[in-house]
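# Architecture and fold: a report
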Amino acid sequence: MSQQTWNADEYKQHASFVPSLAKDLVELLNPQPGETILDLGCGDGLLTLELQQRGCSVIGVDSSPGMVEASKNRGIEAYVQDAHYLNYHHTFDAVFSNAALHWLTQPEKVIQGVHAALKPKGRFVAELGGHGNIAALLKAMAEVFAENKDFGEFVHPWFFPSIKDYQHLLEQQGFEVKTIILTPRPTPLNSGLGKWLEIFADSITRHLQAEQNDVFLSSVKDKLRPILYTEDKGWVADYVRLRFEAIKV
Ligand code: BEZ
């Protein structure tokens, strides 16, 4: 599978709903002035900036150089880092993450690194795509690949765990889970389904030729129009969020 790449300008223009919908995740984190916080998968730094403006000392990490640059442009201390290989020890009061953990397919490694990065009693507060997330989208993409043998094998690049699975992973790595919930969150795609696919399914389609990509886009849209599109709401993605707060014990 090829790696997902990100364009910070496109993300800001067409995917700003991602940080906007997570403002209340910041309330769950309840950041206090003077706290040290790691934002794991900080993206273009919109939420990281909010933590900083609340008086926290914040570091952002992201695997995308473009996103890290965008965060730095907001005045955030940010580093390019694959979160499977975090290398902090007893440094942070909290680790925060929005819409990033489902891109990390070795969760044990990630959680172990987060645990090591936290001070004793530190908190890990995060939201990611949970079990059932984008089920219709995934089914349509997989079907289009199956119908077009020249596209190759469809590889699902994400990790969408159930409550039980993620709670187990957290406990295994030394966390006590305070809250963990799974909630459907139908999410309007104001820039349309084509843009969503272009931005988020890049690792799935990058190897396709231009004509194959056109077939992919139009076929996925045709399959999903009766399910995810209405005249009054436009395209609405079938998001499901897993949100939790866990404490290092
Ligand atoms: C999500 O936030 O749930 C998501 C975003 C892009 C691709 C897959 C899932």
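Model, not experiment: these values are computed from the prediction. (Residues numbered from 1 in each chain as written. Predicted model: local features only at pLDDT ≥ 70, side-chain atom pairs only at ≥ 80, totals over all residues. Heavy atoms only, no water.)

## Brief notes about the packing of helix 7 (residues 135–147) against helix 11 (residues 210–228)
The following threshold applies: All axes are obtained by fitting lines to C-alpha atoms, using only the stretch in contact for helices, and the reported angles, taken between N-to-C directions, cover 0 to 180 degrees. The secondary structure listing takes helices from DSSP runs of H or I that are at least 4 residues long and strands from runs of E that are at least 2 residues long, numbered from the N terminus. For this classification, under 35 degrees means roughly parallel, over 145 means roughly antiparallel, 65 to 115 means roughly perpendicular, and everything else is oblique. Crossing handedness: left-handed means the near helix sits turned counterclockwise from the far one by under a right angle, and right-handed means the same turn made clockwise. Here a residue-residue contact requires only that any non-hydrogen atoms of the pair lie within 4.5 Å. Only Asp, Glu, Lys and Arg are considered charged, only Ala, Val, Leu, Ile, Met, Phe, Trp, Tyr, Cys and Pro nonpolar, and every remaining residue, Gly among them, polar.
Closest axis-to-axis distance for the helix 7/helix 11 pair is 9 Å, and the angle between their directions is 140°. The orientation of helix 7 relative to helix 11 falls into the category oblique. Crossing angle aside, the handedness with which helix 7 passes helix 11 is right-handed. For the pair helix 7 and helix 11, the contacting residues are A136, L137, A140, M141, E143, V144, F145 and E147 in the first and F216, S219, V220, K223, L224, I227 and L228 in the second. Split into classes, the residues belonging to the contact of helix 7 with helix 11 amount to eleven nonpolar, one polar and three charged.

## Digging into the side chain of D39
Short version of the rule: Classification of residues uses two cut-offs on accessible area relative to the type maximum, computed with a 1.4 Å probe and protein chains only: under 20% is buried, over 50% is exposed, and between them is partly exposed. Just so you know, the count uses Lys and Arg for positive and Asp and Glu for negative, and it drops His and the chain ends. Whenever Lys or Arg places a side-chain nitrogen within 4 Å of a carboxyl oxygen from Asp or Glu, that contact is recorded as a salt bridge.
Checked against the element boundaries, D39 lands in strand 1 (residues 36–40). For the buried residue D39, which engages in no salt bridge, the nearest side chain bearing the opposite charge is R74, 9.5 Å off. For D39, the contacting residues outside a window of four places in its chain are L47, T48, I59, G60, V61, F96 and S97.

## Some points on the packing of helix 6 (residues 107–117) against helix 8 (residues 163–172)
Running from N to C, helix 6 and helix 8 point in directions that differ by 45°, and their axes come no closer than 9 Å. Judged by the angle between their axes, helix 6 and helix 8 are oblique. As helix 6 packs across helix 8, the resulting crossing turns out to be right-handed. In contact with P107, E108 and I111 of helix 6, helix 8 contributes Y166, L169 and L170. Partitioning the contact of helix 6 with helix 8 into residue classes produces five nonpolar, no polar and one charged.

## Description of helix 5 (residues 65–73)
Operational definition: Comment: arc refers to directions from the helix axis out to C-beta atoms.
What helix 5 keeps buried is the set M67, V68, A70 and S71. Projected down its long axis, helix 5 shows its buried positions confined to an angular sector of 160°, all on one face. Within helix 5, the exposed residues directed more than 90 degrees away from the buried face are P65 and N73. G75 sits one or two positions beyond helix 5 and adopts a positive phi of about 90°.

## Considerations on the nonpolar core
Which entries qualify depends on this criterion: Working definition of a nonpolar core: buried Ala, Val, Leu, Ile, Met, Phe, Trp, Tyr and Cys residues. They are joined through side-chain atoms within 4.5 Å.
Ranked by internal contacts, the top residues of the largest apolar core, which has 33 residues, are L137, M141, W196, L197, F216, V220 and L224. Taken together, the elements giving at least two residues each to this core come down to helix 1 (8–14), helix 5, helix 7, helix 9 (192–200), helix 11 and strand 8 (234–248). For this core, the element with the highest residue contribution is helix 7, accounting for seven residues. In contact with W196, not counting residues within four places along its chain, are F17, I134, L137, L189, A201 and Y239. In this structure, V95, I111, I180 and L242 belong to the second largest nonpolar core, which totals 29 residues.

## Remarks on the site of the ligand
The condition is simple: Nearness of a residue to a molecule or strand requires only that one of the residue's heavy atoms be within 4 Å of it. Between N or O atoms, a polar contact is any pair within 3.5 Å; within protein, one atom must be a potential hydrogen donor and the other a potential acceptor, and residues adjacent in sequence are included only when both atoms are from side chains. Using a 1.4 Å probe, the Shrake-Rupley method yields the accessible areas, and only the shown protein chains count as cover for residues.
For the ligand, the full set of nearby residues is H102, W103, N133, I134, W158, F160, W196, F200, Y239 and R241. Between the ligand and the protein, one listed contact pairs an oxygen atom with a side-chain N or O atom of N133 at 2.7 Å. In the environment of the ligand, an oxygen atom lies 2.2 Å from a nitrogen or oxygen atom belonging to the side chain of R241. With the chains in place, 99% of the 260 Å² that the ligand exposes on its own is no longer accessible.

## Comments concerning the pattern of salt bridges
When charged atoms on two side chains of opposite charge get close, those side chains can pair. Within this structure, the stated rule accounts for 16 salt bridges. Between D44 and R74 there is a salt bridge, with its nearest N and O atoms 3.4 Å apart. Taken together, the residues D44 in the loop between strand 1 and helix 4 (46–53) and R74 in the loop between helix 5 and strand 3 (77–80) connect sequence positions 30 residues apart. A salt bridge links K139 to E143, with the shortest nitrogen-to-oxygen separation between them at 3.0 Å. You can see K139 and its partner E143 sitting in helix 7, four residues apart, about one turn around the helix. Under the relative-accessibility criterion, E143 is labelled partly exposed at 27%.

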